[in-house]
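Close look at the chain arrangement
Chain residues, written in single-letter form:
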Amino acid sequence: MCGIIGYTGPLDGKKILLEGLSGLEYRGYDSAGIALCTIDSGIEVFKKVGKVSNLRDYCNQHTAAVSHCGIGHTRWATHGGVTDENAHPHRAGRVTLIHNGIIENYHQLTERYHLEEELVSQTDSEVAARVLDRLYQGDPLAALGELSGMLEGSYGFCVMFDDQPGNIYAMRSVSPLVAACTRSGSLVASDLTALIPYTREYFVVPEGKIVKLTPYKVNIYSLDENFSKYTPEMMSVNWNMDAAMKNGYPHFMLKEIHEQPEAMKNTILPRINKGLPDFSDDGIPDDLFADCSQIHVIACGTAMHTGMVAQAIMEPVLRIPVTVTIASEFRYQDPLVDDKTLVIVISQSGETIDTLAALRLAQEYGARTLSIVNVKGSTIARESDYVLYTHAGPEIAVASTKAYSVQLAALYMIACRMAYIRGKYSREEAVRFLTDLLDAVPAMETMLTQADFIKGIVTHIIQSPDAFFIGRGLDYAFSLEGALKLKEISYIHAEAYAAGELKHGTIALISEKVPVIATATQQHVFSKTISNIREVKARGAYVILLAKEGSIIDSSLADVIIRIPDLDDRFTVFPIAVALQLIAYYASIGKNLDVDQPRNLAKSVTVE
Ligand code: F6R
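Overview of the structure. Every residue gets a number counted from 1 within its own chain, in the order that chain's sequence is written. Restriction of local features to residues with pLDDT of at least 70 applies here, the model being predicted, together with a cutoff of 80 or more for giving and counting side-chain atom pairs; totals for whole chains, interfaces and linings are based on all residues. Excluded from the side-chain calculations are hydrogens and water; all other atoms, namely the structure's heavy atoms, are used.

This brings us to the overall build of the protein chain. For helices the rule is a DSSP run of H or I covering at least 4 residues; for strands it is a run of E covering at least 2, with both sets numbered from the N terminus onward. On a plain count of helices and strands, the protein chain comes out with 19 helices and 26 strands. Throughout, radius of gyration means the C-alpha value; the globule benchmark is 2.2 Å times the number of residues raised to the power 0.38. For a compact globule of 608 residues, the expected C-alpha radius of gyration is about 25 Å, and the protein chain comes in at 25 Å, within 12% of that figure. For the protein chain, the C-alpha atoms occupy an extent of roughly 75 × 55 × 45 Å along the three principal directions. To sort residues, take the accessible area from a 1.4 Å probe on protein chains only and compare it with the maximum for the residue type: under 20% means buried, over 50% means exposed, and anything in between is partly exposed. Counting all 608 residues of the protein chain, 61% fall into the buried class. Areas reported as accessible are Shrake-Rupley estimates using a 1.4 Å probe. Residue values count occlusion only from the protein chains shown. Of the roughly 22400 Å² of accessible surface on the protein chain, 49% is carried by carbon and sulfur atoms. Where the 54 positive side-chain charges of the protein chain centre and where its 72 negative ones centre are 4 Å apart. In this count, Lys and Arg are taken as positive residues and Asp and Glu as negative ones, while His and the chain termini are left out. To locate a charge, take atom NZ for lysine, CZ for arginine, CG for aspartate or CD for glutamate.

Here it is in structure tokens:
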């Protein structure tokens, strides 16, 4: 959370920082700020509560100065309220600093350095800036090295020193930072989106090192006695700036919903060999799948919901336990995990702090780990034993859509490969499974053509403060994601229930006109789900039913029916995901809300 960027070079620094912050805004949008280094005035700070557009207006009114070096920040508040004072950058003596992360021992540092009287904000970040200023005796590497030894928690810092004009220093622990030296100057940022307009080549800032950016050079120093130079591993991006633009869509979320069929193909097709899933190009050996006696899937939010679907797909075929755990819970458990456990961690960003901590814990317990990650080179991808990259391209909208589908595609392929290797599927069955998975792609396209129909039916949902999503089996797993999508971008209280569980309490909340979005695509529980729908209908609910093309539905059962292409039951999640995402999207639009940047949220959750 929090987006950070630093630039030094020949171009207009203010413009680069503000444009970079606009691209990073999905990481947090409580406030934004920049610090510019100018020949006449030294370092000047501009910061404002609200979005980057506020900051842009403020800067345009308050400075015409030209700067070729500066740092910028867009904040997701952790310590201290959303105020101009708490916005970054923070000035302390000769130090100007921006921070992404949490300094856990800021209180102890405040006491140790008697900072109480000096602090002008309530942030942990200002404490780091003030301690750094105390440590600074003219040698940035020495001061930063000493600071890093004192800090507990997570940080990505960019720092300018008054007496080092044109230079930016950066270092990190846990929180992400990438950097590049380009023909247009040197850049460092919390996310690739800020670098892509200038370069395809970049490196991940290594933990325990200090990066110094000068206009035409980027040097990395180890924290040893002599600050010896370090050569990073260079990486290249395989998507271009178009992928991070709206390209004619009114919102990133709608664009990303529409990108799903393509993202599915990009994730699945390169991994098919002779009709079977094949992960040899990913370097994933078959013994990883053959030898395990159980699977743990660990993730947060939407990514965790893909695990719920995977469990329902894998367990009946593999006949081994598949456990799905929320990462923030797993990390503080004493989990039943051993060297015969395959731990699959799922993360779009590859930076979610709880998922990362859970991965590390699983490794301590001796588990073999496989991550499903979208962002290349991210921490989770680098630290897991094996990584299966999804090829969704950048996901900018805070609400995850295309990442959900491709994570599922990856999990379905793993399920298929495992079933084949473990003798649970014959070659024919495995080939059939994969063909069915590919059939889900045109089914998603068909669903997208129903966007206008779905737009027309949300009117009822947005008039209600509550909504319920119900289904059985796999349909319940899909419902969890439908409810999360609706609540996070429309602020309607939405809950998902296993349809049979409703009458054990929750049905008390069903009254006249309460929207119930019911999914009934699983044949073996179809009639049971239909009975549950009748129960809510009898209590006056407004029922929107998602059912397969061709399934026979009594007209009195639902107020609206959304028809899903007739796929094998195991694959209906793909078109249903599209339908549920469109419901949430149009509900948010109908309420005139900020679809791409819903309140209180941020795209990449790098704090606990
Ligand atoms: C919801 C959403 C979140 C993320 C969760 C995990 O739309 O996007 O629930 O799925 O924060 O993020 P990653 O996948 O980056 O680990």
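Any pair of Phe, Tyr and Trp rings, taking the six-membered ring for Trp, is counted once the centres come within 6.5 Å. Such a pair is stacked with planes under 30 degrees apart, edge-to-face with planes over 60 apart, and tilted for the rest. Applying the stated criterion across every chain yields a total of 10 aromatic pairs. The ring of Tyr58 carries Lys48 above its face, with NZ or CZ at 4.8 Å from the centroid. We call a charge positioned over a ring when the NZ of a Lys or the CZ of an Arg lies within 6 Å of the ring centre and within 35 degrees of the ring normal. It is Arg599 that lies over the ring of Tyr491; its NZ or CZ is 3.8 Å from the centre.

Expected helix span is computed as 1.5 Å times (number of residues minus one). Between its first and last C-alpha, helix α4 (residues 124–135) extends 17 Å over 12 residues, near the 16 Å set by a 1.5 Å rise per residue. Of all the 12 residues making up α4, 11 are buried; the element is thus mostly covered by neighbouring parts of the structure. For α4, the complete set of buried residues consists of Asp124, Ser125, Glu126, Val127, Ala128, Ala129, Arg130, Val131, Leu132, Asp133 and Leu135. Looking at the buried positions of α4, the neighbouring elements they touch are β5 (90–92), β6 (95–103), α3 (106–112), α5 (140–150) and β7 (153–161). Residue contacts follow a heavy-atom distance rule, with two residues in contact if any of their heavy atoms lie within 4.5 Å.

We now examine the nonpolar core. Take the buried residues of types Ala, Val, Leu, Ile, Met, Phe, Trp, Tyr and Cys, join any two whose side-chain atoms come within 4.5 Å, and each joined set is a nonpolar core. Ranked by size, the top nonpolar core spans 130 residues in total, and within it Ile295, Val309, Met314, Tyr412, Ile414 and Phe574 carry the most contacts. Counting residues per element, this core draws most heavily on helix α19 (residues 573–590), at 13 residues. When near neighbours in sequence (up to four residues on either side) are disregarded, Ile295 contacts Met314, Leu318, Ile320, Pro321, Val322, Thr323, Leu342, Ile344 and Met418. Counting 28 residues, the second-largest nonpolar core is a separate cluster that includes Leu141, Leu144, Met150 and Tyr169.

Right, let's get into the pattern of salt bridges. Throughout this description, the term salt bridge denotes a Lys or Arg side-chain nitrogen within 4 Å of a carboxyl oxygen of Asp or Glu. Evaluation of the coordinates by the stated rule reveals 26 salt bridges. Notably, a salt bridge pairs Arg130 with Glu118, separated by 3.6 Å at the nearest N-O pair. Of this pair, Arg130 sits in helix α4 while Glu118 sits in the loop between α3 and α4; the two residues are 12 residues apart in sequence, bridging distant segments of the chain. Residue Asp569 pairs with Lys548 through a salt bridge whose shortest N-O separation is 2.4 Å. Placement of the pair is Asp569 in the loop between β26 (560–564) and α19 and Lys548 in strand β25 (residues 542–548), with a sequence separation of 21 residues. An identical accessibility class is assigned to Asp569 and Lys548; each is buried. One salt-bridge network, held together by shared partners, links Glu118, Glu126, Arg130 and Arg134.

A word on unusual backbone geometry. The omega torsion of the bond from His88 to Pro89 falls at 0°, within 30 degrees of zero and hence cis. Positionally, Pro89 belongs in the loop between β4 (69–75) and β5. The backbone of His114 shows a phi angle near 50°, a positive value even though the residue is not glycine. Assessed through its relative accessible area of 61%, His114 is described here as exposed. A positive phi angle, close to 55°, is found at Arg319, a residue other than glycine. Take Arg319: it is sitting in the loop between α9 (301–318) and β18 (322–326). On the basis of relative accessibility, which here comes to 62%, the residue Arg319 falls in the exposed class.

Whether a residue is near a molecule or strand depends on its heavy atoms: it is near if one of them lies within 4 Å of it. Not every one of the 13 residues close to the ligand is listed here, only the nearest: Ser347, Gln348, Ser349, Thr352 and Glu488. Polar contacts, as used here, are pairs of N or O atoms within 3.5 Å; protein pairs need one atom able to donate a hydrogen and one able to accept it. Residues neighboring in sequence count only if both atoms are side-chain atoms. Take Lys485: an N or O atom from its side chain is 2.9 Å from an oxygen atom of the ligand. The separation between an oxygen atom of the ligand and a polar side-chain atom of Glu488 is 2.5 Å. Within the complex, 89% of the 410 Å² of free accessible area of the ligand lies under protein. Every element with two or more residues in the shell around the ligand is listed here: α9 and α17 (474–490).

Okay, the pairing of strand β3 (residues 42–49) next. In short, DSSP must find at least two bridges between two strands for them to pair. In this structure, strand β2 (residues 31–38) lies alongside β3, joined through 8 bridges in antiparallel fashion. The residue bridging Cys37 from the neighbouring strand is Ile43, located in β3. Hairpin connection between β2 and β3: a loop of 3 residues separates the two successive antiparallel strands.

In this section: the sheet that holds β5. Note: strands within a sheet are paired through backbone hydrogen bonds, in either parallel or antiparallel orientation. Reading across from one edge, β5-β6-β7-β8-β12-β13 is the order of the 6 strands in this open sheet, with antiparallel pairing throughout. Looking at which strands have only one partner, the edges of the open sheet turn out to be β5 and β13 (217–222). Here the average twist between neighbouring strands, direction ignored, is 25°. Two strands pair when backbone bridges link them, and β7 and strand β8 (residues 168–173) are joined in this way by 5 bridges, in the antiparallel orientation. Of the residues in β8, the one forming a bridge with Gly156 is Arg172. Lines fitted to C-alpha atoms define the axes, with helix axes restricted to the stretch in contact, and inter-axis angles between N-to-C directions lie between 0 and 180 degrees. Against the sheet, α4 engages β5, β6 and β7, with an angle of about 130° to β6. On top of the sheet, α5 reaches β7, β8, β12 (209–214) and β13; it is set at about 20° to β8, its chief contact.

Our focus in this paragraph is α17. Between its first and last C-alpha, α17 extends 24 Å over 17 residues, near the 24 Å set by a 1.5 Å rise per residue. At the exit of α17 stands Tyr491, carrying a positive phi of roughly 60°.

By definition, a disulfide links two cysteine residues through a covalent bond between their sulfur atoms. In what follows, a disulfide is any cysteine sulfur pair within 2.5 Å. All told, the structure shown has 0 disulfides when counted by the stated rule. Take Cys158: it sits in no disulfide, and the sulfur closest to it among the cysteines is that of Cys69, at 10 Å. We classify Cys158 as buried; its relative accessible area is 0%. Cysteine Cys416 shares no disulfide, and the gap to the nearest cysteine sulfur, in Cys292, comes to 15 Å. What makes Cys416 buried here is its relative accessible area of 0%.

Asp569 gets classed as buried once you look at its relative accessible area, which sits at 17%. Of note is the side chain of Asp569, whose polar atom sits 2.4 Å from the side chain of Lys548. Other than its neighbours up to four places away in sequence, Asp569 contacts Leu474, Thr521, Gln522, Gln523, His524 and Lys548.

The subject of this paragraph is the environment of Ala358. Locating Ala358 in the fold gives a position in helix α11 (residues 353–364). Residue classification places Ala358 among the buried positions, given a relative accessible area of 0%. Look past the residues within four positions of Ala358 in its chain and what remains in contact with it is Ile298, Ala327, Phe330 and Arg331.

Read these as spatial facts, not as claims about activity.
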